[in-house]
Amino acid sequence: MSVDSVVARLSTMAIDTVVLTGGEPLLQQRRLVPLTEQFRRLRWKTHVETAGTIAWQQEPKLIDSWVVSPKLANSGMTARRRLRFDVLRGFVDLGAQFKFVCVEPEDLKEIEHIAAKVDIPPSSIWVMAEG
């Protein structure tokens, strides 16, 4: 859909916030710019949910809030594929919230390790039980 089509469809609803999620939205970040610029003109807030493996390289002010959900070892993915500490640090600088999905109590140790390595403030950490 074109930006105009998306905005026209959303304009029929009583909204003030749009959440971009599903898969990895930052794979298409250049295409998100005109969309988020239009949301801003309409005074709609834009929230993005990401795995935190791809850096946001566009204008920071286009996004109102971030939820970064780094994958833990319990995801079955290799650390090299699921953790990019330099990218996570960038999201700390953007004021992101970090959501970690826990399967076992031992996962909390990995969360502590990641948080310490990238200086995530404790108030920005959410822990969610897998369910």
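What comes next concerns the included structure. (Residues numbered from 1 in each chain as written. Predicted model: local features only at pLDDT ≥ 70, side-chain atom pairs only at ≥ 80, totals over all residues. Heavy atoms only, no water.)

For the rest of this paragraph, the subject is the overall build of the protein chain. If you tally the helices and strands in the protein chain, you get 5 helices and 5 strands. Scanning the protein chain from its N terminus toward the C terminus, one meets helices and strands in the order α-β-α-β-β-α-α-β-α-β. Counting the 131 residues in the protein chain, one finds 37% classified as buried. Sequence-distant contacts, at least 24 apart, represent 67% of the contacts inside the protein chain between residues at least 6 apart. (Helix = DSSP H or I, 4+ residues; strand = E, 2+ residues; numbered from the N terminus. Buried < 20%, exposed > 50% of the residue type's maximum accessible area, 1.4 Å probe, protein only. Contact = heavy atoms within 4.5 Å.)

This next bit is on the packing of helix H4 (residues 85–93) against helix H5 (residues 107–118). Between H4 and H5, the shortest axis-to-axis distance is 9 Å and the interhelical angle comes to 70°. With respect to H5, the axis of H4 lies roughly perpendicular. Here Phe-85, Leu-88, Arg-89 and Val-92 of H4 lie close against H5, whose contacting residues are His-113, Ile-114, Lys-117 and Val-118. Across the contact of H4 with H5, the residue classes break down as 5 nonpolar, 1 polar and 2 charged. (Axes fitted to C-alpha atoms, helices over the stretch in contact; angles between N-to-C directions. Parallel < 35°, antiparallel > 145°, perpendicular 65-115°, else oblique. Nonpolar A, V, L, I, M, F, W, Y, C, P; charged D, E, K, R; others polar.)

Let us look at the nonpolar core. Counting 31 residues, the largest nonpolar core has Trp-66, Phe-91, Phe-98 and Ile-120 as the members making the most contacts within it. Breaking this core down by element, the ones donating at least two residues are helix H1 (3–11), strand S1 (17–20), helix H2 (29–41), strand S3 (65–68), H4, strand S4 (97–102) and H5. With sequence-adjacent residues up to four places away left out, Phe-91 is seen in contact with Leu-26, Thr-50, Gly-52, Ile-54, Trp-56, Trp-66, Val-68, Ala-96 and Phe-98. (Core = buried A, V, L, I, M, F, W, Y, C linked by side-chain atoms within 4.5 Å.)

Where side chains of opposite charge bring their charged atoms close, a pairing between them can arise. Counted by the stated rule, this structure contains 3 salt bridges. Across the pair Asp-64 and Arg-40 runs a salt bridge whose closest N-O atoms are separated by 3.3 Å. One end of the pair, Asp-64, is in the loop between strand S2 (45–50) and S3; the other, Arg-40, is in helix H2, with 24 residues separating them in the sequence. Assessed through its relative accessible area of 39%, Asp-64 is described here as partly exposed. (Salt bridge = Lys/Arg side-chain N within 4 Å of Asp/Glu carboxyl O.)

So, about the sheet that holds S2. Strand order in the open sheet made by the 5 strands is S1-S2-S3-S4-S5, with parallel pairing throughout. At either margin of the open sheet sits one strand with a lone partner, and together these are S1 and strand S5 (125–129). The average angle at which neighbouring strand axes cross in this sheet is 20°, direction not considered. Together, S4 and S5 form the strand contacts of H5, whose direction differs from that of S4 by roughly 155°. (Pairing = 2+ DSSP bridges.)

To continue, consider unusual backbone geometry. Of note in this structure, Arg-43 is not a glycine but carries a positive phi near 65°. Looking at the secondary structure, you find Arg-43 in the loop between H2 and S2.

To continue, consider the packing of aromatic side chains. The full count for this structure, using the stated rule, is 3 aromatic pairs. With a centroid separation of 5.6 Å and 40° between ring planes, the pair formed by Phe-39 and Trp-44 is classed as tilted. In textbook terms, an aromatic cluster arises when at least three aromatic residues are bridged by ring pairs, as seen for Trp-56, Trp-66 and Phe-91. Positioned above the aromatic ring of Phe-85, the side-chain terminus of Lys-117 is 4.9 Å from the ring centre. (Phe/Tyr/Trp six-rings, centres within 6.5 Å; stacked < 30°, edge-to-face > 60°. Lys NZ or Arg CZ within 6 Å of the ring centre and 35° of its normal.)

Next up on the list: the environment of Arg-81. Positionally, Arg-81 belongs in helix H3 (residues 79–82). When the C-alpha atoms of Arg-81 and Gly-52 are compared, they prove to be 11 Å apart, with 29 residues separating the residues in sequence.

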